[in-house]
Each structure stands twice: as C-alpha cells, then as structure tokens.
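# Descriptive structure summary
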Amino acid sequence: MSAAGSFEIAIRAANEALARQPHHTEALEIRQQASVALEEQRKREQHERAAAQAIEESRREFEAGQFDHAIQRLEQFEPPHADVSRALDDFRQRAVEIK
C-alpha cells in the first residue's frame, strides 16, 4: 500500500470516529495530520513527475542537437531536484565534449 493510501485510510477512520463523536480530540488530530501528510505526499509525487518530464524533454532536445536549450530547461527547473541536477551535470559535460 502506498503512503498516500495509508493517509487516506487514516482520514476515513478519523471521519468515521468523528461521525460518532464530533469533538473527539484524537480523531480530529489524526485527521488533520493525515490530511497534511497526504497533501505533502501528493506534492512530492507531482514534483517527481515534473522532474522526470523535464529530464525526458531535455534529453530529446539534447539528442536533437539543441544543447543550450536542453541545459537551460534543466537550469530553470524549480524547486531543485537531485535527478534534474544529475542530468544537468551530465548534459553540461557531454556538451563540452561535443563542442
């Protein structure tokens, strides 16, 4: 089960408890914490997808001879991502070797 799935289960369980006891402090805290964690997990997953997409698009540009554009795309990627940084270093090195 994914982390997101675990957070969703926790939210559902907390909601069920709150349906019976609307002011149950622990259930309120669990729902709040799980909701925040779920949102953070979704943002991380989106960041991973965006990084992979940027790398793939840059790789196609680089292979088409558009070295500067490929490098620039990765330089502008925000927020920073380790895979993007590694790809950027690789493209810079390969561009120097090619030129």
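Details of the structure are given in the entry above.
So, here is what we can say about the structure in this document. (Residues numbered from 1 in each chain as written. Predicted model: local features only at pLDDT ≥ 70, side-chain atom pairs only at ≥ 80, totals over all residues. Heavy atoms only, no water.)

## Topic: the environment of Q66
How we decide: Labels follow the DSSP assignment, with helices taken as runs of H or I lasting at least four residues and strands as runs of E lasting at least two, numbered in each case from the N terminus.
Positionally, Q66 belongs in the loop between α2 (25–63) and α3 (67–75). Here the alpha-carbon distance between Q66 and H24, two residues 42 residues apart in the chain, equals 59 Å.

## Some points on the packing of aromatic side chains
Selection rule: Here a pair means two rings of Phe, Tyr or Trp (six-membered ring of Trp) with centres within 6.5 Å. Their orientation is stacked below 30 degrees between planes, edge-to-face above 60, and tilted elsewhere. Here the term buried applies to any residue with accessible area under 20% of the maximum for its type, exposed to any over 50%, and partly exposed to those in between, with areas from a 1.4 Å probe on protein chains only.
All chains considered together, the criterion is met by two aromatic pairs. Centre to centre, the rings of F62 and F67 are 4.7 Å apart; their planes meet at 55°, and the pair counts as tilted. No difference in accessibility class separates F62 from F67, as the two residues are buried. Taking the centre distance of 4.8 Å and the plane angle of 15° together, the rings of F62 and F91 count as stacked. A residue pair is termed long-range when its members are at least 10 positions apart, and F62 in helix α2 and F91 in helix α4 (residues 82–98) qualify at 29 residues. Both residues of the pair, F62 and F91, count as buried.

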